[in-house]
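Chain by chain, the residues run as shown.
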Amino acid sequence: MRGWLRRLGSPLCGRSGLASRILGLERSPWRGFSGAGSDEPESDWRRRRRRPLSPLERLSRLLPEELLSPEVQALRGDEPEPEVIPKAPSKDIPFQLGELVLAEVRRRRNGEFKRLWRLASAEGALNSTWGAVPHREILGRLPGQVLRTSAGHSLLVRRPTLEEFVLLMKRGPTIAYPKDISTMLLLMDISQGDKVLEAGSGSGGMSLFLSRAVGPQGHIISYEIRKDHHKLAKKNYQTWCDAWRIGHTVEWPDNVDFINADILTAAEDLKTITFDAIALDMLLPQNALPTVIPNLKQGGVCTVYLANITQVVDLLEAIRTRKLNLFCERIVEVTHRDWLVLPNTWRNSSIFQSRETKPDFDDELDGRDENNDPSAEEREHDEAFVSNGTKPPYIARPYPWQTGHTGGNPSNTISRPKHLLLIIHAFSKEEGKGWK
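Predicted, not measured: the structure shown is a model, and the values here were computed from it.

What counts and how
- Residues numbered from 1 in each chain as written.
- Predicted model: local features only at pLDDT ≥ 70, side-chain atom pairs only at ≥ 80, totals over all residues.
- Heavy atoms only, no water.
- Helix = DSSP H or I, 4+ residues; strand = E, 2+ residues; numbered from the N terminus.
- Buried < 20%, exposed > 50% of the residue type's maximum accessible area, 1.4 Å probe, protein only.
- Contact = heavy atoms within 4.5 Å.
- Areas by Shrake-Rupley, 256 points an atom, 1.4 Å probe, with all protein chains shown as cover.
- Pairing = 2+ DSSP bridges.
- Axes fitted to C-alpha atoms, helices over the stretch in contact; angles between N-to-C directions.
- Parallel < 35°, antiparallel > 145°, perpendicular 65-115°, else oblique.
- Left-handed = near helix turned anticlockwise from the far one by under 90°.
- Nonpolar A, V, L, I, M, F, W, Y, C, P; charged D, E, K, R; others polar.
- Phe/Tyr/Trp six-rings, centres within 6.5 Å; stacked < 30°, edge-to-face > 60°.
- Lys NZ or Arg CZ within 6 Å of the ring centre and 35° of its normal.
- Salt bridge = Lys/Arg side-chain N within 4 Å of Asp/Glu carboxyl O.
- Expected span 1.5 Å × (residues − 1).
- pLDDT = per-residue confidence, 0-100.
- Polar contact = N/O pair within 3.5 Å; in protein donor to acceptor, adjacent residues only side chain to side chain.
- Patch = residues over 30% accessible without salt bridge, like charges linked within 9 Å, V, L, I, M, F, W, Y side chains within 5 Å.

Colleague: Before we move on, could you go through the overall build of the chain and cite the residues and values that matter?
Modeller: Regarding its fold elements, the chain presents 14 helices and 17 strands. Across the 436 residues that make up the chain, the buried fraction comes to 39%. Once local pairs closer than 6 in sequence are excluded, the contacts in the chain between residues at least 24 apart make up 64%. Surface accessibility of the chain: about 25,800 Å² in total, with carbon and sulfur atoms responsible for 51%.

In structure tokens, the structure reads:
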């Protein structure tokens, strides 16, 4: 028998003989230990293999299944199944009817056009000076798509952020700007589950930010004396919540109570409530302080949103003369500065010209005119200057023109209004003796 095996071929004997092949221990110079002659890569085989196989299991794999005994078949059936890793749920939700859509056009000279509207019906369309886009071309698409208008312009379509919605929503009174609201939330130390009092609903911008800050476990009570402002604030709040419900998997918390009443007469209604913080956005906040401060928790913060320094002086004088248990910790003015960073090419040279050489603001706008296309010589110069293998020099400076949000249009050349924030702390009469 041994000689017969030798005549058939010596590779079946010795370390690489028949016994080694049956046990699955033959070493391949390309695959390592392949295990039953498998051609799969070593890394895949090792990842799938859960435990070492016994000699009986190795032999059973070389035989047809119908020749195996029930005991051996049971051993083969006990092999663990490969673990299946569940995939994370997708957050890519396409546009649907009823959603809010933000369309943005960037001009050649870095100007912007933004338009906020609602996908009310599939037959409608977005109409602007840059052309029209039918709603049916937007429905079913994912946010962040670039579409072509009927006039041939590129239009970026996406969902608006809360900041953009507050700046572009319908408004009655002057809104509290998101840059100021964010600072107020930070200074009031608003967290999940807090209870906050707001006096002056306005257009509902601050109510939305407060609603998100306190979360589903928190509660916001917002007072507004004017009926038209009260209705507008509720409408804007509901518009945002409805759009959020369609485009997100988690609903917006329904935690704001809008009350159309004078905060000066609300002492009886608020006497059983203690607030973690108070936000006042009204013309004469000093008149409301005696009513709302008793409901502020010990050491709580009250922020006041004012338009000019004269109102600040009047407020501080009222606190002093009325001997309220309050002290003003900080008076803050929040400013944001936009920067322009572009390659120093021929095409962008007019943007970085100094203000001294162009004293007329209208002349400066001409440098950003869409019809002021560069010549063929300028384009050829820029393409040669900004190549894949060459990093051009960059110029960075603040925007040479002012940007504002007056009237809901960010492209207006009106400076952003500046407001002042007062951070007021409440303390007891005993603790207040050292502060007088």
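Additional details are given in the paragraphs that follow.
Colleague: So what's going on with the sheet that holds strand β8 (residues 154-158)? Which residues, and what values?
Modeller: The strand order across the open sheet built from 4 strands is β4-β3-β8-β7, with neighbouring strands paired in antiparallel fashion. The outermost strands of the open sheet, each flanked by one partner alone, are β4 (112-118) and β7 (145-148). Strand-to-strand, the axes of this sheet are offset by a mean angle of 30°, without reference to chain direction. Pairing of strand β3 (residues 100-106) with β4 involves 7 bridges; the strand directions are antiparallel. Following the sheet pairing, A103 is matched in β4 by R115.

Colleague: Outline unusual backbone geometry, supporting the account with residue identities and numerical values.
Modeller: We note that D189 has phi near 60°; this positive angle belongs to a residue other than glycine. For D189, the location among the structural elements is in the loop between α7 (178-188) and β9 (195-199). Of note, the phi angle at K323 is positive, near 55°, even though the residue is not glycine. Along the chain, the position of K323 falls in the loop between α12 (309-321) and β14 (326-333).

Colleague: Any chance you could break down the packing of α7 against helix α8 (residues 205-214) for me, citing the residues and the numbers?
Modeller: Two elements in contact, α7 and α8, have axes whose closest approach is 10 Å; the angle formed by their N-to-C orientations is 40°. The angle between the axes of α7 and α8 places the two elements in the oblique class. Between α7 and α8 the crossing geometry is right-handed. Mapping the contact onto sequence places P178, I181, M184, L185 and M188 in α7 and G205, M206, F209, L210 and A213 in α8. Considering only residue class, the contact of α7 with α8 consists of 9 nonpolar, 1 polar and no charged.

Colleague: Would you mind going over the packing of aromatic side chains in detail, with residue names and values included?
Modeller: This model, assessed by the stated rule, comprises 5 aromatic pairs. Taken together, a centroid distance of 5.1 Å and an interplanar angle of 40° make the contact between F165 and W240 tilted. Pair noted here: F165 is in helix α6 (residues 162-168) and W240 is in helix α9 (residues 227-247), with a separation of 75 residues, a long-range link. With respect to class, F165 is no different from W240; both count as buried. Ring geometry for W240 and W252: centres 5.9 Å apart, planes at 90°, overall edge-to-face. Of this pair, W240 sits in helix α9 while W252 is found in the loop between α9 and β11 (256-260), placing the two residues 12 residues apart along the sequence. A relative accessible area of 4% places W240 in the buried class. By relative accessible area, which is 8% here, W252 ends up buried. Taken together, the ring pairs in this structure connect F165, W240, W244 and W252 into an aromatic cluster. Its end group placed over the ring of F95, R159 keeps NZ or CZ at 5.2 Å from the ring centre.

Colleague: Account for the pattern of salt bridges, naming residues and giving values.
Modeller: Per the stated rule, a full pass over the model turns up 11 salt bridges. The salt bridge involving R159 is made with E99; its shortest N-O contact spans 2.5 Å. Of this pair, R159 sits in the loop between β8 and α6 while E99 sits in the loop between α5 (70-77) and β3, and the two are 60 residues apart along the sequence. As far as the burial class goes, R159 and E99 line up, both buried. R245 serves as the salt-bridge partner of E251, at 3.9 Å between the closest nitrogen and oxygen. Residues participating in the shared-partner salt-bridge network are E104, K114, R158 and E164.

Colleague: Describe α9, and please don't skip the residues or the numbers.
Modeller: Across its 21 residues, α9 extends 31 Å between first and last C-alpha, which sits within 8% of the 30 Å expected from 1.5 Å per residue. The elements touched by buried residues of α9 are β3, α6, α8, β10 (219-224) and β11.

Colleague: Which residues make up the environment of I138, and what values do they have?
Modeller: The residue I138 is located in the loop between β6 (131-134) and β7 in this model. Residue class for I138 comes out buried when judged on its relative accessible area of 1%. Filtering out sequence-adjacent residues up to four positions away, I138 remains in contact with F95, W117, L119, V133, L147 and V157.

Colleague: I'd like a description of the confidence of the model for the chain, backed by residues and values.
Modeller: Residues with a pLDDT of 70 or more make up 64% of the chain, whose mean pLDDT is 75. Note on residues 1-40: pLDDT is under 50 here. Beyond four places in sequence and across chains, it has 37 contacts. Residue range residues 404-417 is modelled with pLDDT below 50. Its contacts to residues more than four positions away, or to other chains, number 34 contacts.

Colleague: Give a detailed account of the pairing of β3, specifying residues and quantitative values.
Modeller: The buried fraction of β3 amounts to 6 of the 7 residues, a majority that puts the element mostly inside the structure. Relative to β8, β3 runs antiparallel, the two sharing 3 bridges. By the bridge assignment for β8, A103 is matched with V157.

Colleague: If you had to explain the side chain of D180 to someone new, which residues and values would you point to?
Modeller: In this fold, D180 is placed in helix α7. Reaching out from D180, the side chain makes a polar contact with the side chain of Y305 at a distance of 2.7 Å.

Colleague: Can you tell me about a nonpolar patch on the surface, naming the residues and giving the values?
Modeller: A contiguous nonpolar patch, built from L59, L62 and L63 and spanning about 260 Å² of accessible area, is present on the exposed surface. Accessibility expressed as a relative area gives 37% for L59, which makes it partly exposed.

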